[in-house]
Structure formats: structure tokens, C-alpha cells
Amino acid sequence: MDTMTYDYTTPTLSPKGQEMRDLLADYISVISHRLPDDVTAKLQELQKIEVDPLQKLVYDTMMENQLLANKLKRPSCQDTGALQFFVKVGAQFPLLGELNQILKDAVYKTTKQTPLRHNAVQTFDEYNTGMNIGDGIPSVFTQIDGNSSNIEMYVYMAGGGCTLPGEAMVLMPGEGYEGVVRFVMDRMTSYGVNACPPLLVGVGVATSVETAALNSKLALMRRVDSVSENANAAKLERLLEEGINNIGLGPQGFGGQKSVMGVNVVNTARHPSTIGVAVSTGCWSHRRGYIKLDKDLNYELPYNKGVEL
Ligand code: SF4
């Protein structure tokens, strides 16, 4: 049988494009071994709440894992995920035309240098490209944001286990927001344990499956302790957090006081005849980053205090 290979040639990038690619490759490497500050703080908080030896042991192991991952610069989890980028870019950002190539090449580069596990399988052809890039992967969701010359993006390593509980559907309007709660709780009681709790649960509400699904993923990009600006969505976050904690998944599904790091809801306006709802989950090793760059590639890393690339 012929061995199939993915045809990839490193693109010819401008000098500035190469600079941005190298910065992003280095940042993805950081994300792979250092959890964002909010996740670390939350895990430390949850660790103190658990009282039984087994749960304490699980948290101690997570903490030691992170200490070693940071020290040795080795991935926090063996599943380094499929890379996803959620980008907001101003129309005047000078590298806009090269952006997709820069992102793809950054993933290629960091896969070799970090290294990252190979997680891109060409669908139906069923071979692993060995590079974490392939048809349509990494996933890039781009929004043109006004006329500025800046760019900001969330970078997410979507692991298999934490992606597994994801689901989207469209509810009849009569099902109301009670239907949203039922949908999320059904999913969490059947698949939540697969995602290596404590979880960050992202809930999206919109018109259709794809708009709700994107919202649920954007919800995972928010800080674990953040609260929706919409009072009713904030109430839903609180109630769902209580409800999912009451399932008693505990750290790594061994039972315990808390099942989640948080629940974030992102909602957009919807068609009056539908309630699109989706859920996405992040695991305890929630590797997402956030980088802001100006036109000269001066950067800020709001989720990673003290990190320099
Ligand atoms: S769910 Fe997260 S921690 Fe668990 S195996 Fe997957 S990526 Fe790793």
C-alpha cells in the first residue's frame, strides 16, 4: 500500500511575516507547557476545597506535573491538541494578507521545535500528516475589526478528551432557556468525565448550530472567573456551575466537591423561532493563550504574566 504524505512547502514569508511566525511558534510552545495564570490560580483554589486524600493526591499530581512541565519545558499533557486560532484583526494590520500562511507555518515550526504530538489526520485518507497541519487545520476564525493596525488572537490547543463532550443543536423556541439547561446538563452527566475535570464549560446561545458552537468556543477563551455582562447569562453561568458541581465529578472524575473551574456563557441575538445552543469543554490542562500585537509586532500576553518570547 502506498504511504500517503501531506504536501507542504514552507511558504515564502516577508521578513516581518517570518518574525511574526517565529513569535507565534514560541508562544505556542509556552502555552503547551505553562497553563494560563487564571487556570493555575483556579486549580490552586479548588485544591484547597477538596478534603479527601484521593482528591488531594490528584491535585498534588497536577501541580507537580505543572512544575515539571514548566521546568523541563515539556507539554503539560501528552495530548497537545489540534491548534485553533480565534483572531480579531484591524484592516490596516500590515501582515493581513500573509496571516493564514503565518499561522500555518507557526504550527508547523512549533510542532518540530517544542515538540508537539502529531494530531492532524487527513479525514477519509486516514493518515497522520505528522506536522499538526493538514486540510483546514489549524482552524482559523478571523474577524476584521475596524480599521486599526493591530491584531489580537486566542490560541487554543484543543485536546481530544476535552473536545469530546462538544455538541450543538437547535431547540424549539418553546423549550426556552430551561431547554438550554437540560441540554448542557445531559451532556455533562454523560460525557463530562471524559474531559479530565475540573472543567471549564463553555455554553453558546445563538440562532443555529454553527453560531452557537462558535460562541461556546469563545466562551472557553474567557478567563475562568469571568462573568457575563448580561445579567441573565450571568445567572445561567452561576446556576449551571452549581448544577454541574452537584454531579460530583471531582478532579479527574474521582468524585469530589467541585467538577468545574467555571461556566462561561457567550450569547448573540437569535432568530425568534430558534434557540441554537452548544456546549464545549476545556479540561484542567486548559491550554489557551491570548496575544495582542501592534503593527511593529510589539506584543502583550495578558494571560501569562512575566512571560517573554
Ligand atoms: S482532556 Fe485535557 S488533560 Fe485530559 S488527556 Fe485530553 S488534553 Fe490531556
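For clarity, every value in this text was computed on a predicted model and none was experimentally measured.

Now for the overall build of the chain. Secondary structure summary: the chain contains eight helices and nine strands in total. Relative to the 2.2 N^0.38 estimate, which gives 19 Å for 309 residues, the radius of gyration of the chain is 20 Å and therefore close to what a compact globule would have. Structurally, the chain occupies a C-alpha span of about 55 × 50 × 50 Å along its principal axes. For the chain, buried positions account for 50% of its 309 residues. As displayed, the chain offers around 14,500 Å² of accessible surface, 52% of which is attributable to carbon and sulfur atoms. In the chain, 28 side chains carry a positive charge and 34 a negative one; their mean positions are 4 Å apart.

Here, UniProt's "domain: Fe-S hydro-lyase tartrate dehydratase alpha-type catalytic" (unreviewed entry) annotation points to residues 24–290. Its end C-alpha atoms 11 Å apart, residues 24–290 is made of 40% helix and 20% strand.

In this section: the side chain of Gln-84. When you line up the elements, Gln-84 lands in strand S1 (residues 82–89). Looking at Gln-84, its side chain comes within polar contact range of the side chain of Lys-217, at 2.7 Å.

Taken together, five strands build an open sheet; the order of strands is S2-S1-S3-S8-S9 and the sheet is mixed. Here the strands that pair on one side only, and so sit at the sheet edges, are strand S2 (139–144) and strand S9 (299–300). Both S1 and strand S3 (residues 151–158) contribute to a ladder of eight bridges, which runs antiparallel. Bridging across to S3, Gln-84 finds its partner in Tyr-156. Its contacts with the sheet put helix H1 (residues 15–33) on S1, S3, strand S8 (288–293) and S9, and the angle it makes with S3 is roughly 45°.

Turning our eyes to something else, we now look at the packing of helix H6 (residues 176–191) against helix H8 (residues 231–247). In the contact formed by H6 and H8, the axes pass within 11 Å of each other and the chain directions differ by 30°. Here H6 is positioned roughly parallel relative to H8, judged by the angle of their axes. Note that H6 runs across H8; the crossing there is right-handed. Taken together, the residues of H8 that come into contact with H6 (itself represented by Val-180, Val-181, Val-184, Met-185, Met-188 and Thr-189) are Leu-236, Leu-240, Gly-243, Ile-244 and Ile-247.

Before going further, it helps to spend a moment on H6. Count 3.6 residues to each turn of an α-helix, and residues three or four apart come out pointing the same way. Over its 16 residues, H6 extends 23 Å from the first C-alpha to the last, a length consistent with the 22 Å expected when each residue adds 1.5 Å. Of the positions making up H6, those classed as buried are Gly-176, Gly-179, Val-180, Phe-183, Val-184, Met-185, Arg-187 and Met-188. Residues of H6 that are buried in the fold lie against strand S4 (167–171), strand S5 (199–206), H8 and strand S7 (275–282).

Let's shift gears to the site of the ligand. Around the ligand, the neighbouring residues are Cys-77, Gln-78, Asp-79, Gly-159, Gly-161, Cys-162, Ala-195, Cys-196, Cys-283, Trp-284, Ser-285 and Arg-287. When its residues are assigned to classes, the shell around the ligand shows six nonpolar, four polar and two charged. When residues of the shell around the ligand are assigned to domains, at least three map to each of domain 1 (12–159 + 286–309) and domain 2 (161–282).

Here helix H4 (residues 99–113) is 15 residues long and its end C-alpha atoms lie 21 Å apart, about the 21 Å a rise of 1.5 Å per residue gives. The inward-facing, buried residues of H4 abut H1, S1, S2 and S3.

Moving on, we get to unusual backbone geometry. Between Thr-114 and the following residue, Pro-115, the backbone shows a cis peptide bond with an omega angle of -10°. By secondary structure assignment, the location of Pro-115 is in the loop between H4 and S2. Across the junction of Pro-197 and Pro-198, the peptide omega takes the value 5°, indicating a cis bond. Positioned with a positive phi, Phe-124 is a non-glycine residue whose angle comes to about 70°. Here Phe-124 lies in the loop between H4 and S2. Under the relative-accessibility criterion, Phe-124 is labelled exposed at 77%. Look at Gln-252: it is not a glycine, yet its phi comes out positive at around 55°. Assignment of secondary structure puts Gln-252 in the loop between H8 and strand S6 (260–267). Owing to a relative accessible area of 29%, Gln-252 belongs among the partly exposed residues under this scheme.

This structure, assessed with the given rule, holds 13 salt bridges. Close ionic contact of Lys-16 with Glu-19 constitutes a salt bridge, the shortest N to O distance being 3.2 Å. A residue pair is termed a helical-turn pair when its members lie 3 or 4 positions apart in one helix, as Lys-16 and Glu-19 do in helix H1 at three residues. Of the charged contacts, one joins Asp-225 and Lys-42 as a salt bridge, the two residues approaching to 3.2 Å between their closest N and O atoms. Residue Asp-225 is found in the loop between helix H7 (209–221) and H8, and its partner Lys-42 is found in helix H2 (residues 37–49); the two are separated by 183 residues along the sequence. On the basis of relative accessible area, Asp-225 is assigned to the exposed category, the value being 52%. Members of the salt-bridge network, linked through shared partners, are Arg-21, Asp-22, Asp-105 and Lys-109.

How each quantity is defined
- Throughout, residues of each chain are indexed from 1 in the direction in which the sequence is written.
- Since the coordinates come from a predicted model, pLDDT governs what is reported: local features require at least 70, and pairs of side-chain atoms require 80 or more to be given and counted, while whole-chain, interface and lining totals use all residues.
- To obtain the side-chain values, all non-hydrogen atoms of the structure were included, while hydrogens and water were left out.
- Secondary structure is summarised from DSSP: a helix means a run of H or I of at least four residues, a strand means a run of E of at least two, and numbering begins at the N terminus for each.
- Within these notes, the globule rule equals 2.2 Å times the number of residues to the 0.38 power, and the radius of gyration is based on C-alpha atoms.
- When a residue's accessible area, from a 1.4 Å probe over protein chains only, is under 20% of the maximum for its type it is buried; when over 50% it is exposed; and in between it is partly exposed.
- Under the convention used here, a 1.4 Å probe and the Shrake-Rupley method define accessible areas, while residue burial counts only the protein chains that appear.
- The positive count covers Lys and Arg only, the negative count covers Asp and Glu only, and His and the chain ends enter neither.
- For this purpose, a charge sits on NZ of Lys, CZ of Arg, CG of Asp or CD of Glu.
- UniProt positions are given in the numbering used here, feature names are shortened, and annotations may be inferred rather than shown by experiment.
- A 3.5 Å cut-off defines polar contacts: any pair of N or O atoms within that distance qualifies, except that in protein one atom must be a possible hydrogen donor and the other a possible acceptor, and neighbouring residues in sequence count only when both atoms are side-chain atoms.
- In this scheme, strands are said to pair when DSSP sees at least two bridges between them.
- Note on contacts: a residue pair is in contact if any heavy atoms of the two residues lie within 4.5 Å.
- Axis definition: a line fit to C-alpha positions, over the contact stretch in the case of helices; interaxial angles, taken between N-to-C directions, run 0 to 180 degrees.
- Each angle is binned into one of four classes, with values under 35 degrees roughly parallel, values over 145 roughly antiparallel, values of 65 to 115 roughly perpendicular, and all other values oblique.
- Handedness of a helix crossing follows the sense of rotation of the near helix relative to the far helix, less than a right angle counterclockwise being left-handed and clockwise being right-handed.
- Expected helix span is taken as 1.5 Å per residue step, with the number of steps being one fewer than the number of residues.
- A cutoff of 4 Å decides nearness: a residue is near a molecule or strand if any of its heavy atoms lies inside that distance of it.
- Any residue outside Ala, Val, Leu, Ile, Met, Phe, Trp, Tyr, Cys, Pro, Asp, Glu, Lys and Arg is labelled polar, Gly included; the first ten of those are nonpolar and the last four are charged.
- Where each domain begins and ends is defined by an automated method or by a domain database.
- In the sections that follow, a salt bridge refers to a side-chain nitrogen of Lys or Arg positioned within 4 Å of a carboxyl oxygen of Asp or Glu.

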